[in-house]
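So you can see what is in the structure, the chains are spelled out below.
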Amino acid sequence: MEHFTLSTVLLVALLLSTGLVRSLPVDTGDDLGTIIFSSVLFRHGDRAPTGTYPNDIYNDEAKYWPRGYGQLSEIGEEQHFKQGSFFRKRYNHILPETYNVNDTYVRSSNIDRTLASARAHLAGLYPPTERNLAQPNINFQVIPIHTTDMVNDKELYNLSVPEWANSYYPQPLGNLFLLESFIAAAGTEELQRLSTGPLLKEIIANTLAKVNGTLSPDRGLYIYSAHDSNVVDLLQGLDVFNGILVPYASAVMIELRSKADEYFITVSYKNSTELDPHLLQLPGCDALCPLDSFVELTKPIIPDDLTTECAEEVVAGQEYHFEIPAAAILPEWEHCFQQPTVKDGRFHRISFTTKNHK
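Labelled according to an unreviewed UniProt entry, the chain appears under the name acid phosphatase, originating from Timema monikensis. Of the comments in the UniProt record for the chain, the one headed Catalytic activity (unreviewed entry) reads "a phosphate monoester + H2O = an alcohol + phosphate". The UniProt entry for the chain carries this comment under Sequence similarities (unreviewed entry): "Belongs to the histidine acid phosphatase family."

Right, dumping it as C-alpha coordinates:
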(Lines give C-alpha, C1' and ligand atoms only; values in the text may rest on other atoms or scores of the structure.)
Protein backbone atom coordinates (compact mmCIF):
# COMPACT_ATOMS: atom_id res chain seq x y z
CA MET A 1 0.00 0.00 0.00
CA GLU A 2 1.38 3.40 -0.97
CA HIS A 3 1.47 6.19 1.60
CA PHE A 4 1.21 9.88 0.83
CA THR A 5 1.93 13.04 2.76
CA LEU A 6 -0.83 15.61 3.13
CA SER A 7 0.91 17.80 0.54
CA THR A 8 0.51 14.99 -1.97
CA VAL A 9 -3.18 14.77 -1.20
CA LEU A 10 -3.53 18.48 -2.01
CA LEU A 11 -2.62 17.69 -5.61
CA VAL A 12 -5.83 15.71 -5.86
CA ALA A 13 -7.67 19.02 -6.17
CA LEU A 14 -6.27 19.42 -9.66
CA LEU A 15 -8.07 16.25 -10.69
CA LEU A 16 -11.57 17.39 -9.85
CA SER A 17 -12.68 18.64 -13.23
CA THR A 18 -16.11 20.27 -13.36
CA GLY A 19 -16.73 18.85 -16.81
CA LEU A 20 -16.61 15.21 -15.83
CA VAL A 21 -20.00 14.37 -14.38
CA ARG A 22 -22.28 11.43 -14.97
CA SER A 23 -25.85 12.32 -15.85
CA LEU A 24 -28.53 11.89 -13.20
CA PRO A 25 -32.21 11.05 -13.63
CA VAL A 26 -34.65 13.90 -13.12
CA ASP A 27 -36.89 13.67 -10.08
CA THR A 28 -40.37 13.91 -11.60
CA GLY A 29 -42.13 12.19 -8.71
CA ASP A 30 -43.40 9.37 -10.94
CA ASP A 31 -43.99 6.11 -9.05
CA LEU A 32 -42.14 7.40 -6.00
CA GLY A 33 -45.11 7.49 -3.65
CA THR A 34 -46.44 10.45 -1.67
CA ILE A 35 -44.18 12.87 0.19
CA ILE A 36 -45.30 13.13 3.81
CA PHE A 37 -42.26 14.79 5.40
CA SER A 38 -39.14 16.56 4.17
CA SER A 39 -35.83 17.98 5.36
CA VAL A 40 -34.26 20.53 3.01
CA LEU A 41 -30.68 21.81 3.23
CA PHE A 42 -29.77 24.62 0.84
CA ARG A 43 -26.89 26.91 0.05
CA HIS A 44 -27.43 30.67 0.27
CA GLY A 45 -27.99 32.61 -2.94
CA ASP A 46 -25.64 34.76 -5.00
CA ARG A 47 -23.64 37.15 -2.85
CA ALA A 48 -20.96 39.82 -2.83
CA PRO A 49 -17.38 38.69 -2.14
CA THR A 50 -16.43 38.54 1.52
CA GLY A 51 -13.53 40.96 1.02
CA THR A 52 -11.00 42.41 -1.38
CA TYR A 53 -7.37 41.75 -2.32
CA PRO A 54 -4.41 43.81 -3.61
CA ASN A 55 -5.00 45.25 -7.11
CA ASP A 56 -8.67 44.22 -7.03
CA ILE A 57 -10.41 46.13 -9.83
CA TYR A 58 -13.72 45.75 -7.97
CA ASN A 59 -12.51 47.15 -4.64
CA ASP A 60 -14.96 50.08 -4.64
CA GLU A 61 -17.44 48.62 -2.16
CA ALA A 62 -20.00 51.42 -2.54
CA LYS A 63 -20.00 51.05 -6.34
CA TYR A 64 -19.87 47.30 -6.82
CA TRP A 65 -21.19 45.93 -3.52
CA PRO A 66 -23.73 48.48 -2.24
CA ARG A 67 -25.06 46.10 0.40
CA GLY A 68 -21.59 45.38 1.76
CA TYR A 69 -19.12 42.52 1.48
CA GLY A 70 -20.55 39.04 1.95
CA GLN A 71 -24.16 40.17 1.65
CA LEU A 72 -26.88 38.48 -0.39
CA SER A 73 -27.35 40.17 -3.77
CA GLU A 74 -30.58 40.95 -5.60
CA ILE A 75 -29.82 37.97 -7.83
CA GLY A 76 -29.52 35.82 -4.72
CA GLU A 77 -32.89 37.06 -3.48
CA GLU A 78 -34.52 36.10 -6.77
CA GLN A 79 -32.83 32.69 -6.77
CA HIS A 80 -34.26 31.77 -3.39
CA PHE A 81 -37.66 33.26 -4.11
CA LYS A 82 -37.83 30.93 -7.13
CA GLN A 83 -36.68 27.97 -5.06
CA GLY A 84 -39.26 28.75 -2.38
CA SER A 85 -41.99 28.96 -5.04
CA PHE A 86 -40.90 25.57 -6.37
CA PHE A 87 -41.16 24.01 -2.92
CA ARG A 88 -44.60 25.56 -2.38
CA LYS A 89 -45.84 23.56 -5.38
CA ARG A 90 -43.95 20.43 -4.31
CA TYR A 91 -45.13 20.50 -0.69
CA ASN A 92 -48.50 22.19 -1.08
CA HIS A 93 -50.26 19.00 0.07
CA ILE A 94 -48.39 18.97 3.42
CA LEU A 95 -48.12 22.72 4.08
CA PRO A 96 -51.13 25.00 4.59
CA GLU A 97 -50.97 28.33 2.76
CA THR A 98 -50.74 30.25 6.03
CA TYR A 99 -47.62 29.74 8.16
CA ASN A 100 -47.99 27.95 11.46
CA VAL A 101 -45.22 26.98 13.87
CA ASN A 102 -46.57 23.43 13.88
CA ASP A 103 -46.00 23.01 10.13
CA THR A 104 -42.55 24.39 9.27
CA TYR A 105 -39.30 24.97 11.14
CA VAL A 106 -36.50 27.10 9.67
CA ARG A 107 -32.93 27.20 10.93
CA SER A 108 -30.02 29.19 9.53
CA SER A 109 -26.35 29.64 10.24
CA ASN A 110 -25.72 32.95 11.98
CA ILE A 111 -24.47 34.66 8.82
CA ASP A 112 -26.25 37.56 7.10
CA ARG A 113 -26.42 35.93 3.66
CA THR A 114 -27.94 32.68 4.93
CA LEU A 115 -30.47 34.51 7.09
CA ALA A 116 -31.43 36.73 4.13
CA SER A 117 -31.61 33.68 1.84
CA ALA A 118 -34.00 31.97 4.24
CA ARG A 119 -36.17 35.09 4.27
CA ALA A 120 -36.30 35.25 0.46
CA HIS A 121 -36.97 31.51 0.29
CA LEU A 122 -39.87 31.82 2.72
CA ALA A 123 -41.35 34.66 0.67
CA GLY A 124 -41.71 32.18 -2.19
CA LEU A 125 -42.78 29.27 0.02
CA TYR A 126 -45.41 31.31 1.86
CA PRO A 127 -46.74 34.01 -0.49
CA PRO A 128 -49.15 36.62 0.91
CA THR A 129 -52.61 35.39 1.83
CA GLU A 130 -55.85 37.35 1.59
CA ARG A 131 -55.37 38.37 5.21
CA ASN A 132 -51.93 39.81 4.43
CA LEU A 133 -53.18 41.65 1.38
CA ALA A 134 -55.89 43.23 3.51
CA GLN A 135 -53.15 44.89 5.59
CA PRO A 136 -51.66 47.65 3.42
CA ASN A 137 -48.45 47.92 5.44
CA ILE A 138 -47.70 44.18 5.75
CA ASN A 139 -47.92 42.38 2.41
CA PHE A 140 -45.97 39.28 3.43
CA GLN A 141 -46.14 36.51 6.02
CA VAL A 142 -43.87 37.11 9.00
CA ILE A 143 -42.05 33.84 9.73
CA PRO A 144 -39.41 33.22 12.43
CA ILE A 145 -35.95 32.03 11.43
CA HIS A 146 -33.92 30.27 14.11
CA THR A 147 -30.15 30.57 14.04
CA THR A 148 -27.24 28.53 15.31
CA ASP A 149 -23.48 28.62 14.88
CA MET A 150 -22.22 26.76 11.83
CA VAL A 151 -18.87 26.68 10.08
CA ASN A 152 -18.36 29.77 7.93
CA ASP A 153 -17.93 29.03 4.26
CA LYS A 154 -15.07 30.25 2.06
CA GLU A 155 -16.27 30.93 -1.45
CA LEU A 156 -15.23 32.30 -4.79
CA TYR A 157 -16.10 35.70 -6.23
CA ASN A 158 -19.09 36.06 -8.55
CA LEU A 159 -17.97 38.73 -11.07
CA SER A 160 -16.03 38.42 -14.29
CA VAL A 161 -12.42 38.11 -13.20
CA PRO A 162 -9.63 40.38 -14.47
CA GLU A 163 -7.78 39.13 -17.55
CA TRP A 164 -4.65 38.27 -15.57
CA ALA A 165 -6.66 35.80 -13.46
CA ASN A 166 -7.89 33.68 -16.37
CA SER A 167 -5.04 31.23 -15.83
CA TYR A 168 -6.17 30.60 -12.26
CA TYR A 169 -9.95 31.01 -12.22
CA PRO A 170 -12.25 29.16 -12.47
CA GLN A 171 -9.62 26.42 -12.60
CA PRO A 172 -7.50 25.32 -10.83
CA LEU A 173 -8.60 27.75 -8.10
CA GLY A 174 -12.08 26.24 -8.08
CA ASN A 175 -10.69 22.76 -7.56
CA LEU A 176 -8.40 23.92 -4.77
CA PHE A 177 -11.41 25.37 -2.98
CA LEU A 178 -13.37 22.19 -3.61
CA LEU A 179 -10.59 20.24 -1.93
CA GLU A 180 -11.18 22.13 1.31
CA SER A 181 -14.91 21.38 1.32
CA PHE A 182 -14.79 17.91 -0.20
CA ILE A 183 -11.67 16.19 1.08
CA ALA A 184 -10.56 18.18 4.11
CA ALA A 185 -14.03 18.37 5.65
CA ALA A 186 -15.71 15.09 4.68
CA GLY A 187 -13.28 12.86 2.80
CA THR A 188 -13.16 10.12 5.41
CA GLU A 189 -15.78 8.29 7.41
CA GLU A 190 -14.36 9.78 10.61
CA LEU A 191 -14.65 13.32 9.25
CA GLN A 192 -18.15 12.65 7.94
CA ARG A 193 -19.25 11.68 11.45
CA LEU A 194 -18.06 15.06 12.69
CA SER A 195 -19.07 17.28 9.76
CA THR A 196 -22.41 16.08 8.44
CA GLY A 197 -23.15 13.37 11.01
CA PRO A 198 -24.88 15.66 13.55
CA LEU A 199 -27.23 17.15 10.94
CA LEU A 200 -28.03 13.77 9.41
CA LYS A 201 -28.64 12.38 12.90
CA GLU A 202 -31.21 15.11 13.52
CA ILE A 203 -32.87 14.56 10.13
CA ILE A 204 -33.17 10.81 10.72
CA ALA A 205 -34.47 11.31 14.27
CA ASN A 206 -37.17 13.70 13.04
CA THR A 207 -38.09 11.35 10.19
CA LEU A 208 -38.45 8.34 12.48
CA ALA A 209 -40.48 10.42 14.93
CA LYS A 210 -42.78 11.42 12.07
CA VAL A 211 -43.35 7.76 11.20
CA ASN A 212 -43.87 6.77 14.84
CA GLY A 213 -46.28 9.62 15.50
CA THR A 214 -44.01 11.16 18.15
CA LEU A 215 -42.78 14.23 16.27
CA SER A 216 -43.82 17.25 18.32
CA PRO A 217 -44.91 19.57 16.87
CA ASP A 218 -46.00 17.28 14.04
CA ARG A 219 -44.35 19.33 11.31
CA GLY A 220 -44.11 18.52 7.63
CA LEU A 221 -40.98 20.48 6.72
CA TYR A 222 -37.60 21.35 8.24
CA ILE A 223 -35.46 23.90 6.40
CA TYR A 224 -31.73 24.45 6.94
CA SER A 225 -30.19 27.56 5.35
CA ALA A 226 -26.44 27.13 5.17
CA HIS A 227 -23.38 27.09 2.91
CA ASP A 228 -21.88 25.17 0.01
CA SER A 229 -19.55 23.36 2.40
CA ASN A 230 -22.56 22.00 4.32
CA VAL A 231 -24.20 20.79 1.10
CA VAL A 232 -20.97 19.10 -0.02
CA ASP A 233 -20.55 17.44 3.37
CA LEU A 234 -24.07 16.00 3.25
CA LEU A 235 -23.76 14.73 -0.32
CA GLN A 236 -20.34 13.26 0.41
CA GLY A 237 -21.60 11.61 3.58
CA LEU A 238 -24.34 9.94 1.53
CA ASP A 239 -21.81 8.88 -1.16
CA VAL A 240 -23.63 10.81 -3.89
CA PHE A 241 -21.36 13.85 -4.33
CA ASN A 242 -20.35 14.36 -7.98
CA GLY A 243 -17.24 16.47 -7.36
CA ILE A 244 -18.68 19.72 -8.72
CA LEU A 245 -18.79 23.05 -6.93
CA VAL A 246 -22.25 23.67 -5.47
CA PRO A 247 -24.11 26.46 -7.33
CA TYR A 248 -25.80 29.24 -5.40
CA ALA A 249 -29.22 28.34 -3.91
CA SER A 250 -28.72 24.60 -4.53
CA ALA A 251 -30.84 22.38 -2.30
CA VAL A 252 -30.72 18.78 -1.08
CA MET A 253 -34.05 17.21 -0.17
CA ILE A 254 -34.28 14.14 2.06
CA GLU A 255 -37.93 13.18 1.74
CA LEU A 256 -40.03 10.61 3.56
CA ARG A 257 -42.52 8.97 1.22
CA SER A 258 -45.40 6.58 1.66
CA LYS A 259 -46.15 3.94 -0.95
CA ALA A 260 -48.26 0.80 -0.63
CA ASP A 261 -48.38 1.24 3.17
CA GLU A 262 -44.59 1.27 3.41
CA TYR A 263 -42.11 4.07 4.10
CA PHE A 264 -39.26 5.09 1.82
CA ILE A 265 -36.60 7.79 1.58
CA THR A 266 -35.62 9.68 -1.55
CA VAL A 267 -32.66 12.04 -1.83
CA SER A 268 -32.90 14.71 -4.53
CA TYR A 269 -30.55 17.51 -5.52
CA LYS A 270 -31.90 20.74 -7.03
CA ASN A 271 -28.82 22.57 -8.27
CA SER A 272 -30.64 25.03 -10.54
CA THR A 273 -33.53 27.43 -10.07
CA GLU A 274 -34.71 26.67 -13.60
CA LEU A 275 -34.55 22.86 -13.71
CA ASP A 276 -36.23 20.00 -11.88
CA PRO A 277 -34.22 18.28 -9.14
CA HIS A 278 -32.04 15.24 -9.81
CA LEU A 279 -33.00 12.00 -8.10
CA LEU A 280 -29.92 10.53 -6.40
CA GLN A 281 -29.29 6.89 -5.57
CA LEU A 282 -27.30 5.89 -2.51
CA PRO A 283 -24.84 3.03 -3.09
CA GLY A 284 -26.40 -0.13 -1.73
CA CYS A 285 -30.01 0.99 -2.13
CA ASP A 286 -32.60 1.86 -4.77
CA ALA A 287 -33.45 5.47 -5.53
CA LEU A 288 -36.67 4.76 -3.65
CA CYS A 289 -34.83 3.51 -0.58
CA PRO A 290 -36.74 1.69 2.19
CA LEU A 291 -36.57 3.74 5.38
CA ASP A 292 -34.96 0.93 7.40
CA SER A 293 -32.29 0.47 4.73
CA PHE A 294 -31.53 4.20 4.67
CA VAL A 295 -31.08 4.25 8.44
CA GLU A 296 -28.80 1.20 8.29
CA LEU A 297 -26.68 2.58 5.42
CA THR A 298 -26.04 5.87 7.22
CA LYS A 299 -25.21 4.37 10.63
CA PRO A 300 -21.41 4.48 10.08
CA ILE A 301 -21.44 8.29 9.88
CA ILE A 302 -23.87 8.97 12.73
CA PRO A 303 -21.89 10.05 15.83
CA ASP A 304 -22.67 8.45 19.17
CA ASP A 305 -21.09 11.14 21.35
CA LEU A 306 -19.91 14.16 19.37
CA THR A 307 -18.04 15.70 22.31
CA THR A 308 -15.97 12.57 22.85
CA GLU A 309 -15.27 11.99 19.17
CA CYS A 310 -14.22 15.61 18.59
CA ALA A 311 -11.74 15.32 21.46
CA GLU A 312 -9.75 12.55 19.77
CA GLU A 313 -6.26 13.68 18.79
CA VAL A 314 -4.45 12.90 15.55
CA VAL A 315 -1.25 10.99 16.28
CA ALA A 316 1.78 10.21 14.14
CA GLY A 317 1.53 7.02 12.12
CA GLN A 318 -2.25 7.11 11.80
CA GLU A 319 -3.52 6.17 8.35
CA TYR A 320 -6.33 8.04 6.60
CA HIS A 321 -8.24 7.18 3.44
CA PHE A 322 -9.80 9.77 1.14
CA GLU A 323 -12.32 8.89 -1.57
CA ILE A 324 -12.25 10.81 -4.85
CA PRO A 325 -14.87 10.69 -7.66
CA ALA A 326 -13.35 8.32 -10.22
CA ALA A 327 -14.78 10.29 -13.16
CA ALA A 328 -12.55 13.23 -12.26
CA ILE A 329 -9.26 11.30 -12.19
CA LEU A 330 -7.00 11.73 -15.19
CA PRO A 331 -5.50 8.52 -16.66
CA GLU A 332 -1.94 9.59 -15.83
CA TRP A 333 -2.89 9.78 -12.16
CA GLU A 334 -4.44 6.31 -11.95
CA HIS A 335 -1.26 4.81 -10.44
CA CYS A 336 -1.66 7.04 -7.37
CA PHE A 337 -4.92 5.42 -6.40
CA GLN A 338 -6.02 2.07 -5.09
CA GLN A 339 -8.84 0.04 -6.58
CA PRO A 340 -12.39 1.47 -6.60
CA THR A 341 -13.97 1.20 -3.16
CA VAL A 342 -17.58 0.73 -4.31
CA LYS A 343 -18.99 -1.78 -6.77
CA ASP A 344 -20.00 0.69 -9.46
CA GLY A 345 -16.49 2.14 -9.55
CA ARG A 346 -17.54 5.73 -8.85
CA PHE A 347 -14.81 6.36 -6.29
CA HIS A 348 -11.09 5.77 -5.94
CA ARG A 349 -9.20 5.83 -2.68
CA ILE A 350 -5.96 7.56 -1.78
CA SER A 351 -4.17 6.98 1.52
CA PHE A 352 -1.59 8.85 3.54
CA THR A 353 0.01 8.42 6.94
CA THR A 354 0.31 11.31 9.38
CA LYS A 355 3.75 12.47 10.49
CA ASN A 356 5.07 14.39 13.47
CA HIS A 357 5.04 18.17 13.06
CA LYS A 358 8.47 19.74 13.49
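### Thoughts on the nonpolar core
One finds Leu 200, Leu 235, Leu 238, Ile 254, Val 267 and Phe 294 to be the most contacted residues of the largest nonpolar core, which totals 35 residues. Of all the secondary-structure elements, those providing two or more residues to this core are strand E1 (34–43), helix H8 (197–212), strand E4 (221–226), helix H9 (228–237), strand E5 (251–259), strand E6 (262–270) and helix H10 (291–298). For this core, the leading source of residues is H8, giving five residues. With residues near it in sequence (within four places) discarded, Leu 238 still touches Leu 200, Ile 254, Val 267, Leu 282, Pro 283, Phe 294 and Thr 298. Judged by nonpolar contacts, the second largest core, of 19 residues, contains Ile 35, Ile 94, Leu 95 and Leu 122.

### Some details on the packing of H8 against H10
Running from N to C, H8 and H10 cross one another at 155 degrees; their axes reach a closest spacing of 12 Å. The angle between H8 and H10 falls in the class roughly antiparallel. Between H8 and H10 lies a crossing of left-handed hand. For the pair H8 and H10, the contacting residues are Leu 200, Ile 204, Thr 207, Leu 208 and Val 211 in the first and Leu 291, Phe 294, Val 295 and Thr 298 in the second. Residues of the contact of H8 with H10, tallied by class, amount to seven nonpolar, two polar and no charged.

### Comments concerning helix H3 (residues 74–90)
The end-to-end C-alpha separation of H3 is 25 Å, in line with the 24 Å expected for 17 residues at 1.5 Å each. Each element contacted by the buried residues of H3 is listed here: E1, helix H4 (112–125), E5 and E6.

### Some thoughts on a nonpolar patch on the surface
Taken together, Ile 138, Phe 140 and Val 142 make up a surface patch of nonpolar side chains, about 260 Å² in accessible area. With respect to the helices and strands, the residue Phe 140 is situated in the loop between helix H5 (130–133) and strand E3 (146–148). For Phe 140, a relative accessible area of 35% puts it in the partly exposed group.

### Some words on unusual backbone geometry
In this chain, Ser 216 is followed by Pro 217 through a cis amide linkage whose omega measures -5 degrees. Mapping Pro 217 onto the fold places it in the loop between H8 and E4. You will see that Asp 239, though not glycine, has its phi angle at about 65 degrees, which is positive. If you check the backbone angles, Ala 249 has positive phi at about 70 degrees while not being a glycine. Looking at the secondary structure, you find Ala 249 in the loop between H9 and E5. Residue Ala 249 is classed as buried on the basis of its relative accessible area, which comes to 1%.

### Some points on the side chain of His 44
Along the chain, His 44 turns up in the loop between E1 and helix H2 (61–64). You can call His 44 buried: its relative accessible area is 0%. Polar contacts involving the side chain of His 44 include one to the side chain of Arg 113, which spans 3.3 Å.

### Topic: the confidence of the model for the chain
Chain-level pLDDT for the chain is 77 on average; 65% of the residues reach the 70-or-more range. By mean pLDDT, helix H1 (residues 6–10) is the weakest element of the chain at 33, and strand E8 (residues 289–290) is the strongest at 98. Segment residues 1–23: pLDDT under 50, and 55 contacts once partners within four positions in sequence are set aside and those in other chains are kept. Note that pLDDT drops below 50 for residues 150–161; the model gives that stretch 39 contacts with residues more than four away or on any other chain.

What counts as what
Residues numbered from 1 in each chain as written. Predicted model: local features only at pLDDT ≥ 70, side-chain atom pairs only at ≥ 80, totals over all residues. Heavy atoms only, no water. UniProt positions renumbered as here; feature names shortened; annotations may be inferred. Core = buried A, V, L, I, M, F, W, Y, C linked by side-chain atoms within 4.5 Å. Buried < 20%, exposed > 50% of the residue type's maximum accessible area, 1.4 Å probe, protein only. Helix = DSSP H or I, 4+ residues; strand = E, 2+ residues; numbered from the N terminus. Contact = heavy atoms within 4.5 Å. Axes fitted to C-alpha atoms, helices over the stretch in contact; angles between N-to-C directions. Parallel < 35°, antiparallel > 145°, perpendicular 65-115°, else oblique. Left-handed = near helix turned anticlockwise from the far one by under 90°. Nonpolar A, V, L, I, M, F, W, Y, C, P; charged D, E, K, R; others polar. Expected span 1.5 Å × (residues − 1). Patch = residues over 30% accessible without salt bridge, like charges linked within 9 Å, V, L, I, M, F, W, Y side chains within 5 Å. Areas by Shrake-Rupley, 256 points an atom, 1.4 Å probe, with all protein chains shown as cover. Salt bridge = Lys/Arg side-chain N within 4 Å of Asp/Glu carboxyl O. Polar contact = N/O pair within 3.5 Å; in protein donor to acceptor, adjacent residues only side chain to side chain. pLDDT = per-residue confidence, 0-100.

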